[in-house]
Amino acid sequence: MQMLVTGGAGFIGCNFVRHVLAVDEDARVRVFDKLTYAGNLENLADVSDDPRFEFVEGDVCDLDAAHAAMAGIDTVVHMAAESHVDRSIISAEAAVRTNFVGTFTMLEAAREAGVKRFLHMSTDEVYGACLGEPFTENDPLNPRNPYSASKAGADRLAYSYFVTYDLPVVIARAANNYGPYQYPEKLIPFFVYRALNDEHLPVYGDGMQVRDWLQVRDDCRALLLLLEQGVPGEVYNIHGGNERPNLETIRLILDELGKPESLIKHVEDRPGHDVRYSMDAAKIMALGWQPEVSWEQGIRETVRWFAEHREWMERSVARGREYFEQWYAGR
Ligand code: NAD
Ligand code: DAU
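Bear in mind that the values here come from a model prediction, so they are computed numbers and not experimental data. (Residues numbered from 1 in each chain as written. Chains lettered and ligands numbered in written order. Predicted model: local features only at pLDDT ≥ 70, side-chain atom pairs only at ≥ 80, totals over all residues. Heavy atoms only, no water.)

(A) Region of interest: a nonpolar patch on the surface. Residues Val-96, Phe-100, Val-101 and Phe-104 make up a contiguous nonpolar surface patch of about 300 Å² in total accessible area. By the element assignment, Phe-104 lies in helix 4 (residues 93-113). (Patch = residues over 30% accessible without salt bridge, like charges linked within 9 Å, V, L, I, M, F, W, Y side chains within 5 Å. Areas by Shrake-Rupley, 256 points an atom, 1.4 Å probe, with all protein chains shown as cover. Salt bridge = Lys/Arg side-chain N within 4 Å of Asp/Glu carboxyl O. Helix = DSSP H or I, 4+ residues; strand = E, 2+ residues; numbered from the N terminus.)

(B) Region of the structure containing the site of ligand 1. The environment of ligand 1 is formed by 28 residues, the closest being Ile-12, Asp-33, Ser-83, Tyr-147 and Lys-151. Here an oxygen atom of ligand 1 sits 2.9 Å away from a polar atom, N or O, in the main chain of Gly-10. Interatomic distance of 2.9 Å between a backbone N/O atom of Val-60 and a nitrogen atom of ligand 1. Of all elements in the fold, only helix 1 (11-23), strand 5 (117-123) and helix 5 (146-165) reach the threshold of two or more residues within the shell around ligand 1. If you tally residues by element for the shell around ligand 1, the top one is strand 5, at three residues. Here the shell around ligand 1 is composed, by residue class, of 13 nonpolar, 11 polar and four charged. (Near = heavy atom within 4 Å. Polar contact = N/O pair within 3.5 Å; in protein donor to acceptor, adjacent residues only side chain to side chain. Nonpolar A, V, L, I, M, F, W, Y, C, P; charged D, E, K, R; others polar.)

(C) Local environment of the packing of helix 4 against helix 5. Closest axis-to-axis distance for the helix 4/helix 5 pair is 8 Å, and the angle between their directions is 15°. Judged on the interaxial angle alone, helix 5 and helix 4 are roughly parallel. Like other packed secondary-structure pairs, helix 4 and helix 5 cross with a definite hand, here right-handed. Residue-level contacts link Ala-95, Val-96, Asn-99, Phe-100, Thr-103, Phe-104, Leu-107, Glu-108 and Arg-111 of helix 4 to Tyr-147, Ser-150, Lys-151, Gly-153, Ala-154, Leu-157, Ala-158, Tyr-161 and Tyr-165 of helix 5. (Axes fitted to C-alpha atoms, helices over the stretch in contact; angles between N-to-C directions. Parallel < 35°, antiparallel > 145°, perpendicular 65-115°, else oblique. Left-handed = near helix turned anticlockwise from the far one by under 90°. Contact = heavy atoms within 4.5 Å.)

(D) Layout of the site of ligand 2. Around ligand 2 there are 25 residues in total, and Asp-124, Tyr-147, Asn-176, Arg-270 and His-273 lie nearest to it. Between ligand 2 and Tyr-147 there is a distance of 2.6 Å, counted from an oxygen atom to a side-chain nitrogen or oxygen. In isolation ligand 2 offers 690 Å² of accessible surface; the protein chains occlude 95% of this area. At the level of secondary structure, the elements contributing two or more residues to the shell around ligand 2 comprise helix 3 (85-90), helix 6 (187-196) and strand 8 (201-204). Here the residues of the shell around ligand 2 sort into 11 nonpolar, seven polar and seven charged. Of the residues that make up the shell around ligand 2, three or more belong to each of domain 1 (2-178 + 213-238) and domain 2 (187-211 + 243-272 + 293-320). (Domains from an automatic or database assignment.)

(E) A look at the sheet that holds strand 2 (residues 28-33). Spatially, 3-2-1-4-5-6-11 is the arrangement adopted by the seven strands of the open sheet, whose pairing is parallel. Across the chains shown, the open sheet's two edge strands, defined by having one partner strand only, are strand 3 (53-57) and strand 11 (235-238). Put simply, the sheet's adjacent strands are angled 20° from each other on average, direction ignored. Relative to strand 4 (residues 75-78), strand 1 (residues 2-6) runs parallel, the two being bridged by four bridges. Its bridge partner being in strand 4, Thr-6 is matched across the sheet by His-78. (Pairing = 2+ DSSP bridges.)

(F) Structural view of the packing of helix 6 against helix 8 (residues 246-257). For the pair helix 6 and helix 8, interaxial distance at closest approach is 10 Å and the crossing angle is 40°. The orientation of helix 6 relative to helix 8 falls into the category oblique. Remark: the crossing between helix 6 and helix 8 carries right-handed chirality. Residue-level contacts link Leu-187, Ile-188, Phe-191, Val-192, Ala-195 and Leu-196 of helix 6 to Asn-246, Thr-249, Ile-250, Ile-253, Leu-254 and Leu-257 of helix 8. Grouping the constituent residues of the contact of helix 6 with helix 8 by class yields 10 nonpolar, two polar and no charged.

(G) Spatial organisation of unusual backbone geometry. A positive phi is found at Leu-35, a non-glycine position, where the angle reads about 55°. Structurally, Leu-35 is set in the loop between strand 2 and strand 3.

(H) Main features of the environment of Val-216. If you trace the backbone, Val-216 turns up in helix 7 (residues 216-229). A relative accessible area of 1% places Val-216 in the buried class. Here the alpha-carbon distance between Val-216 and Gly-240, two residues 24 residues apart in the chain, equals 9.5 Å. Not counting residues up to four positions away in its chain, the partners in contact with Val-216 are Phe-11, Ile-12, Asn-15, Asn-177, Tyr-178, Gly-179 and Pro-180. (Buried < 20%, exposed > 50% of the residue type's maximum accessible area, 1.4 Å probe, protein only.)

(I) The arrangement of the pattern of salt bridges in detail. Using the criterion set out here, one finds 27 salt bridges in the structure. Between Arg-270 and Asp-86 there is a salt bridge, with its nearest N and O atoms 2.6 Å apart. Of this pair, Arg-270 sits in the loop between strand 13 (264-267) and helix 9 (282-285) while Asp-86 is found in helix 3, placing the two residues 184 residues apart along the sequence. By relative accessible area, Asp-86 is classed as buried at 1%.

(J) Representation of helix 1. Here helix 1 spans 19 Å end to end across 13 residues, near enough to the 18 Å set by a 1.5 Å rise per residue. By the criterion of burial, helix 1 is predominantly enclosed, with 11 of the 13 residues buried. When helix 1 is considered as a whole, its buried residues turn out to be Phe-11, Ile-12, Gly-13, Cys-14, Asn-15, Phe-16, Val-17, Arg-18, His-19, Val-20 and Leu-21. (Expected span 1.5 Å × (residues − 1).)

(K) Here's a closer look at the domain arrangement of the protein. By domain assignment, the protein separates into domain 1 (2-178 + 213-238) and domain 2 (187-211 + 243-272 + 293-320). A straight line from the C-alpha centre of domain 1 to that of domain 2 covers 25 Å. Counting residues at the interface gives 17 residues for domain 1, matched by 20 residues for domain 2. Broken down residue by residue, the surface that domain 1 buries against domain 2 is led by Glu-42, Tyr-178 and Trp-213, which jointly contribute 40%. Across the contact surface, domain 1 and domain 2 share three salt bridges. There are eight residue pairs in polar contact (both at pLDDT 80 or more) connecting domain 1 and domain 2. At the level of elements, helix 3 and helix 7 are the ones that each hand at least two residues to the side of domain 1 that touches domain 2. The dominant element in the side of domain 1 that touches domain 2, judged by the number of residues it contributes, is helix 3, at four residues. Considered class by class, the residues forming the side of domain 1 that touches domain 2 number five nonpolar, six polar and six charged. (Buried area = accessible area lost by both parts, 1.4 Å probe.)

Below, the structure is given as structure tokens:
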């Protein structure tokens, strides 16, 4: 496989690159990444000397750069995105540009290059809040915040390139990933960071919103399987099988760090906050995949990883200082 991974310097991307290089000795991986506040070459330091790895800095919205990055590539894994809901609420512009226009650009470049596989990374958020049975791949999309709407647009644009141009697109809709190298604006690393500094943990609303936690290694295994066995034009849900209200996750973080629950502070809710994400993942399980990491063990390991990488967290938080000051003012 001659693979191009967009967004490969971000959280899931760097874990995926590491996974592919570990399990497939014939793989060649080129990361194409703009290195925004969320992307960091430090995340790829341990593979940077691998002769099978290459890094190209560039913007997925730049068609010339996308064409150049596609040279010699047969497989695209498109992960680059503005991935944070709260940032997209402050301003939708970057999410619309990168997530929608950037996906258009990568699809165009891939079509021109005639790639054999285009794996598009979508999200469970495209279904919107789940108030009943877990969503299957055939359920309608109902995104409710700018991030998820931009991802839903990208998801369907990718599908249209399969239908219209026969581009071999496979779409993965993943649940909330957690694990090493997640940028500390997301719930788990952000709350580890705050708790380690004895700062209050700003829980939106009542904290009873449910997320289905998927350890990033399990997600990476699923994505690689879809590159091998996913049927072009098809969508695959990837879940963790670990639906938990936020407060339960937060209490586990505090317990692992030996910090008191008095750090929890209920604050103004996120506008349009989806109360629950829930998917049925029978379709990918029929290909032989299932999540392997148990929730409590996975969360505890992850909390320890962040606690052991405090300098990485400090540098990461420093790159986003303006955002943290704006969003959490009064929270
Ligand atoms: P992340 O924010 O950690 O990383 C995003 C990466 O994309 C960064 O390296 C960043 O530099 C890069 N990037 C951003 N804009 C770019 C641009 N214009 N051009 C090139 N590169 C750019 O995100 P993540 O959490 O690793 O998510 C990866 C993908 O998975 C995204 O598409 C996201 O929507 C999707 N997803 C994430 C989760 C999750 O829980 N994290 C769950 C489901 C789906
Ligand atoms: O579900 C998949 C999605 O998961 C991905 O598509 C997104 O890229 C990823 O960011 C994530 O979105 P969420 O909005 O679910 O993740 P986040 O970590 O921002 O929030 C998780 C839950 O925690 C959510 O219910 C909001 C809550 N929360 C989060 C933060 C940052 C708080 O209560 N306080 C906070 O400060």
